[in-house]
Amino acid sequence: MGLIKCLLYASLTFILLTSCGLKIGAIRSVDATKAPPADKGIVVGRVRFIVDGKELKYNLLNRPVMRLFRFSDGEYYETPMVDTTGAFSWQLPEGEYEIALLGGGMCPVGQPMLMRNSGVFWQVNGFSYPGYRLLATSGNIYYLGTLVVDVNSRKMNAVIDFTGERVFDSLNRIQIVDDSSIDPKWQSFKDSSGAVIELFEPISFKSRKERKL
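The numbers attached to residues start from 1 for each chain and follow its sequence in the written order. Residue-level local features of this predicted model are given only where pLDDT is at least 70; pairs of side-chain atoms are given and counted only at 80 or more, and the full residue set underlies all totals for whole chains, interfaces and linings. Side-chain metrics rest on all non-hydrogen atoms present in the structure, leaving aside hydrogens and water.

**Q** Outline the overall build of the protein, supporting the account with residue identities and numerical values.
**A** Across its full length, the protein carries 3 helices and 15 strands. Within the protein, buried positions represent 45% of all 213 residues. Sequence-distant contacts in the protein: of pairs separated by 6 or more residues, those separated by 24 or more amount to 71%. Here the accessible surface of atoms and residues is derived via Shrake-Rupley with a 1.4 Å probe, and residues count as covered only by protein chains that are part of the display. Only carbon and sulfur atoms are counted for the fraction: they give 56% of the accessible area of the protein, which is about 11,000 Å². The way it works is that DSSP assigns letters per residue, a run of H or I at least four long becomes a helix, a run of E at least two long becomes a strand, and they are numbered from the N terminus. Only protein chains enter the area calculation, which uses a 1.4 Å probe; residues under 20% of their type maximum are buried, those over 50% are exposed, and those in between are partly exposed. Any two residues whose heavy atoms approach within 4.5 Å at even a single point are treated as in contact.

Below you can see the structure in the form of structure tokens.
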């Protein structure tokens, strides 16, 4: 029942957010062997879920995905899923973004999320506004680091439990780790023109424009 519930929430969330202007396909995975597009930025990193002290293994149903809020146009953008190791390399339109939703892994279901472009709350499957932003600038490649999500799990609330499935119980912390020296995807990009290390930063920081004033 836990898996079915997650899938139902995910399907409903997809439909609702798409109807509210979620941009699908604007962010795409990229290949390090190909020249980066001049009019897009590239970000590289990884998402790790630690559940009860052990790293979660990903499959097709639990691989993390993000929804990003872009400050310049006030729109939401859906990212591709990370790969089976949690790694990603995405090209996206230039701008500053906030992680509006972190889904997949082992995350809570039925959480309220305020859609800033409509002022409406939706029920979502994941961590809404976990508190990190990122930057993309045309022609540049940014290493964002590893987003480590440390959670506790519990047994499902079921009268009869045939599967022994465990679900999200509580969040210990989310932190950013610089794995640039060992991240295989970053190693493929790091010698490219415009490649720099600029980790996910806490959303409480001022924007770059504000810091320059």
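**Q** So what about the pattern of salt bridges? Which residues, and what values?
**A** Should a side-chain nitrogen of Lys or Arg be within 4 Å of a carboxyl oxygen of Asp or Glu, the pair is scored as a salt bridge. In this structure the tally under the stated criterion is 12 salt bridges. The partner of Lys40 in a salt bridge is Asp39, with the nearest N and O atoms 3.6 Å apart. Put simply, Arg154 and Asp169 hold a salt bridge, and the shortest N to O gap is 3.9 Å. With Arg154 in strand β12 (residues 141-155) and Asp169 in strand β13 (residues 166-177), the pair connects residues that are 15 residues apart, well separated along the chain. It is possible to trace a salt-bridge network through shared partners that takes in Arg46, Arg48 and Glu55.

**Q** An account of the packing of aromatic side chains is requested, with residue identities and associated values reported.
**A** When two rings of Phe, Tyr or Trp (its six-membered ring) have centres within 6.5 Å they constitute a pair, described as stacked for plane angles under 30 degrees, edge-to-face for angles over 60, and tilted for the intermediate range. Using the criterion set out here, one finds 6 aromatic pairs in the structure. Centroid distance Phe69 to Phe71: 5.6 Å. Interplanar angle 85°. Geometry classified as edge-to-face. Measuring from centroid to centroid gives 5.9 Å for Tyr77 and Tyr97, while their planes differ by 85°, and the two rings are edge-to-face. Within this pair, whereas Tyr77 is found in strand β5 (residues 75-78), its partner Tyr97 is found in strand β7 (residues 95-103), the two being separated by 20 residues in sequence. Note on accessibility: Tyr77 and Tyr97 belong to one class, buried.

**Q** Hey, could you go over a nonpolar patch on the surface for me, with residue numbers and the actual values?
**A** Each patch is built from residues lacking any salt bridge and having more than 30% relative accessible area; the joining distance is 9 Å for like charges and 5 Å for nonpolar side chains (Val, Leu, Ile, Met, Phe, Trp, Tyr). A cluster of nonpolar side chains, contributed by Leu60, Leu61 and Met81, occupies part of the molecular surface with about 310 Å² of accessible area. Along the polypeptide, Met81 turns up in the loop between β5 and β6 (87-92).

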